[in-house]
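One-letter residues, chain by chain:
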Amino acid sequence: MSDSTSPRRSAAAAGRRAELAGPAAVPGVLGGPGTRAGLLALALAAFVAFGVAFTNQLVLTIGFLTALYICCAVAWNLFSGYSGYISLGHAVFFGSGAYAAGIVCEHLQVTGNAIFALLPLAGAVAAVIAVPFGLVALRVRRHTFVVITIAIFFIFQLMAFDLNTLTNGTIGLDAPFLVWGPVAFDQRFYYIALALAVVTVGISWLVKGSRFGLQLRAIRDDEDRAASLGVRAMPVKLTAFVISGGLTGIAGAVWFYFIGQVFPQSGFDPIFDLTVALIAFLGGLGTISGPVIGAVIIMPAEQYLTSSINDSYLSQILLGVLFLAVVLFLPNGLVPAVASRVRSWLGTGTAAAAAVPGVAQPVAAAKGAQE
Amino acid sequence: MTALLRTEGISKAFGGVQALSECSIEVEAGTITGLIGPNGSGKTTLFNVITGYERPDEGEVYFADRKITRLAPQRVFADGIGRTFQLTRIFPRLTVMENMLIAAQHTGTASRGRRFGNPLARAGGPADRHRAMELLRFTGIDGHAHALAGTLSYGQRKLLELAYVLVADPTIVLLDEPAGGINPSLIHVISDRIAELNAAGKTFLIVEHNMEFVMGLCHHVAVLDYGTVVAAGPPQIIRDDPRVLDAYLGIAEEDDEPVG
């Protein structure tokens, strides 16, 4: 009999702890709001310091690509992670953003720092493309959706090859030359990508906590049931797709200015889709911090492999092996796995979830019967 | 007095199987009506037809004297018919509270004047959360409000589904086997809650195999067999009807055993 009282006592103690931390602490992934704000400030400070601390161009380039892919993976996750519709066609937006910037620069003779004024345009072009893309692809679910996104991706790659007057075909487009010094060039691009990543994470955070984000996540769990409860699934999915596509388009334009040129195979690159999905899967699908952490791990590793192995096929094979390993061994991703480990260390896992502050237990007998 | 909900001559076939044929039932406002019958007699199909998940081949559904046949599920829900599913359909990766807010956002307390509101507003205002918490307390799962719904036990999921259907304050609630697969003490909780809600004016239509549950709770019972109503009336009379004994109670014994 004495055994039966102890879990109840520990549940009550956990309840008091939860009361102190407040209700927002319970669903969070990494501790209370104070801890999380601290971690966030620390991470941001580290990212900002990185650009000043390193003047090695190779290191800064890896930093730039990491920040850029944080933006892309978070944007991808904002749609695919929250809604459960796994898109392997986001390179359409990345490439369209790059080409939109390239085409306008070429035809309207935009040069110098003014090219950055075209970033919103690149985002808008990608967002507009997302509307018909979404209207077609979002009519089907799961595997069929994945296949449709891949098909549409190849349509766009083909168009980049064939619309010679706009895209220059296989010759590609060159970005205007920026008269920045070599180190300053890398540093500035790093901070531009970082700013974009911060904005994207902010949008992802806003969406996740919003009514709109809740509708998206309900669609992920049971779209038909959500629809029967009054969630207008198509507009909700499409809006997320458009926001996600627009942000990816801006990232594509930044990448184009940095690399200096765009070809059909590099702008519309299937490896982009795999990389972005891998980053989100590794970090934790549907979490805010997951894609950030995933990018910080994957991008430097990928760059290191490409530069040291000197065989791009091998690094792509390794990428595929890593993808398989993640799906097999970390199906929920790093962030949820670590979070549940931390919770069990702290011993507040289910007890904290079971005890909510300030609530009487009028049907304690019934609850006892359930447990 | 006309019925709050009635079906007239509903027929529905799936391929060669006639799930419903000429099925007509009536649910008076303010009552608890039971719908019983052997497995495969068409009870869930009738629910699906009423709530818009299936289109009938023939017949009409009337709710408060308005024809609602062939409306989409969300329209039926918005009109005030809430339902639960035999295999509960909750959102497992949302928290219990978020499940409640999903049901609240369109037809419930949240919708008024908010349709064109800021989509990035935090999910669920204080009023919605307060009402959701009240209902969770009412069903006894308030202690799990911030747990993921997927971590709830089977019985708790049934209670959650009941609670989130109630968030939108429907006029009538259709429950598909609320006591199925649940331990006996929780069955009493569920039947007490239904009785309490009914005393406050809510109408219920309940599909259930547990005869004790049905006979103790319902004011009126309809018996389905092969897609047709073979008997209808107060539970005392239905209990002794030879047609019912023949069609149903012969196999009811095994369903009385709670699962797990």
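Residues numbered from 1 in each chain as written. Chains lettered and ligands numbered in written order. Predicted model: local features only at pLDDT ≥ 70, side-chain atom pairs only at ≥ 80, totals over all residues.

Summing up its helical and strand segments, chain B has 9 helices and 10 strands in all. Expressed as a percentage of its 260 residues, the buried residues of chain B come to 48%. Counting only contacts in chain B whose residues sit at least 6 apart along the sequence, the fraction spanning at least 24 positions is 68%. (Helix = DSSP H or I, 4+ residues; strand = E, 2+ residues; numbered from the N terminus. Buried ≥ 20, exposed ≤ 12 C-beta atoms within 10 Å, placed from the backbone. Contact = placed C-beta atoms within 7 Å.)

In this section: the overall build of chain A. Per the secondary structure count, chain A includes 17 helices and 2 strands. Across the 371 residues in chain A, those meeting the buried criterion constitute 44%. Taking the contacts inside chain A whose residues are at least 6 apart along the sequence as the reference set, 79% of them involve residues at least 24 apart.

Residues and elements named next belong to chain B. Here 4 strands make up an open sheet; going across it, the order is S2-S1-S4-S5 and the pairing antiparallel. Strands with a single pairing partner mark the edges of an open sheet, and in this sheet they are strand S2 (17-27) and strand S5 (66-67). Where strand S1 (residues 5-14) meets S2, 7 bridges bridge the pair, whose relative direction is antiparallel. In the sheet register, Arg-6 faces S2, and the bridge partner there is Glu-26. Those strands touched by helix H1 (residues 43-50) are S1, S2 and strand S4 (58-63), and its axis lies near 115° from that of S1. (Pairing = 2+ DSSP bridges. Axes fitted to C-alpha atoms, helices over the stretch in contact; angles between N-to-C directions.)

This part takes up the sheet that holds strand S6 (residues 81-83) of chain B. Residues and elements named next belong to chain B. Strand order in the open sheet formed by 6 strands is S6-S7-S8-S3-S9-S10, with mixed pairing between adjacent strands. Each edge of the sheet is formed by a strand with only one pairing partner; in this case those strands are S6 and strand S10 (228-233). When the angles between neighbouring strand axes are averaged without regard to direction, this sheet yields 20°. Where strand S9 (residues 220-225) and S10 come together, 5 bridges link them in antiparallel fashion.

Before going further, it helps to examine the nonpolar core. By size, the foremost hydrophobic cluster in this structure holds 169 residues, and its most contacted members are Leu68(A), Cys71(A), Ala193(A), Ala253(A), Val254(A), Met100(B) and Ala163(B). Among the elements that line this core, the one with the most residues is helix H3 (residues 57-83) of chain A, at 17 residues. In contact with Met100(B), other than residues within four places in its own chain, are Ala132(B), Leu135(B), Leu136(B), Ala163(B), Tyr164(B) and Val167(B). (Core = buried A, V, L, I, M, F, W, Y, C linked by C-beta atoms within 7 Å.)

Attention now goes to the confidence of the model for chain A. All names here are of chain A. Summarising the model, chain A shows a mean pLDDT of 81, and 84% of its residues fall at 70 or more. Contacts from residues 1-28, a stretch scored under 50 in pLDDT, to residues over four places away or in other chains number 33 contacts. A low-confidence stretch, residues 349-371 (pLDDT under 50), is modelled with 54 contacts involving residues beyond four sequence positions or located in other chains. (pLDDT = per-residue confidence, 0-100.)

Moving on, we get to helix H6 (residues 184-199) of chain B. Helix length check: H6(B) (16 residues) gives 23 Å between terminal C-alpha atoms against 22 Å at 1.5 Å per residue, within 8%. Looking one or two residues beyond H6(B), the residue adopting positive phi is Gly201(B), at roughly 110°. (Expected span 1.5 Å × (residues − 1).)

The subject of this paragraph is the packing of helix H3 (residues 96-104) of chain B against helix H4 (residues 126-139) of chain B. Residue and element names in this part refer to chain B. Contact geometry of H3 with H4 gives a least axis separation of 10 Å together with a crossing angle of 115°. In terms of crossing hand, the pair formed by H3 and H4 is right-handed. Contacts from Val-96, Met-97, Met-100, Leu-101 and Ala-104 of H3 reach H4 at Asp-128, Ala-132, Leu-135 and Leu-136. Grouping the amino acids of the contact of H3 with H4 by side-chain chemistry returns 8 nonpolar, no polar and 1 charged. (Left-handed = near helix turned anticlockwise from the far one by under 90°. Nonpolar A, V, L, I, M, F, W, Y, C, P; charged D, E, K, R; others polar.)

The next subject is the packing of helix H8 (residues 182-209) of chain A against helix H10 (residues 233-259) of chain A. All names here are of chain A. The interhelical angle for the contact between H8 and H10, taken along N-to-C directions, is 175°, at an axis separation of 11 Å. Regarding the angle of H8 to H10, the classification is roughly antiparallel. From H8, Phe-189, Ile-192, Ala-193, Leu-196, Thr-200 and Ile-203 reach across to H10, where they touch Ile-243, Leu-247, Ile-250, Ala-251, Val-254 and Phe-258. Across the contact of H8 with H10, the residue classes break down as 11 nonpolar, 1 polar and no charged. (Parallel < 35°, antiparallel > 145°, perpendicular 65-115°, else oblique.)

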